[in-house]
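# Structure at a glance
Here is how the chains run, residue by residue.
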Amino acid sequence: MGLGGCIILIAVGAILTFATDWDMQGVNLDLVGIILMIVGLIGVSTFSSIARRRRVMVPPATTTVVEEERHHHTRDGYSDGYGV
């Protein structure tokens with residue numbers, strides 16, 4: 001059962017518990033709705049723990065920065081040519 005099925009169980013249970021006033025002989029619909037909501041919550045928590053375990057943490061790719069050496073012909077002691 002996936003996450004969608006668990007959410008549907010919770011919704012159906014809430015509808016049976018809070019939104020209906022049906023009376024069936026031998027069946028307590030409020031209790032059935034509460035049981036469905038509990039099963040849905042257990043399913044959501046189980047699904048989320050399994051999904052969390054499946055996630056693989058990949059470290060970000062590191063880039064190597066190579067600085068190029070600049071060969072300047074210096075004149076008068078200046079390296080950039082400023083002040084010449």
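Here we summarise the structure given alongside this text. (Residues numbered from 1 in each chain as written. Predicted model: local features only at pLDDT ≥ 70, side-chain atom pairs only at ≥ 80, totals over all residues. Heavy atoms only, no water.)

## A word on the overall build of the chain
Counting its regular elements, the chain contains two helices and zero strands. Out of the 84 residues in the chain, the part that is buried amounts to 12%. Accessible area for the chain stands at about 7700 Å²; split by element, carbon and sulfur atoms hold 60% of it. (Helix = DSSP H or I, 4+ residues; strand = E, 2+ residues; numbered from the N terminus. Buried < 20%, exposed > 50% of the residue type's maximum accessible area, 1.4 Å probe, protein only. Areas by Shrake-Rupley, 256 points an atom, 1.4 Å probe, with all protein chains shown as cover.)

## Thoughts on a nonpolar patch on the surface
A cluster of nonpolar side chains, namely Leu3, Ile7 and Phe47, defines an oily patch on the protein surface of about 250 Å² accessible area. A residue is classified by how much of its surface remains accessible, and leucine 3, at 34% relative accessible area, is partly exposed. (Patch = residues over 30% accessible without salt bridge, like charges linked within 9 Å, V, L, I, M, F, W, Y side chains within 5 Å. Salt bridge = Lys/Arg side-chain N within 4 Å of Asp/Glu carboxyl O.)

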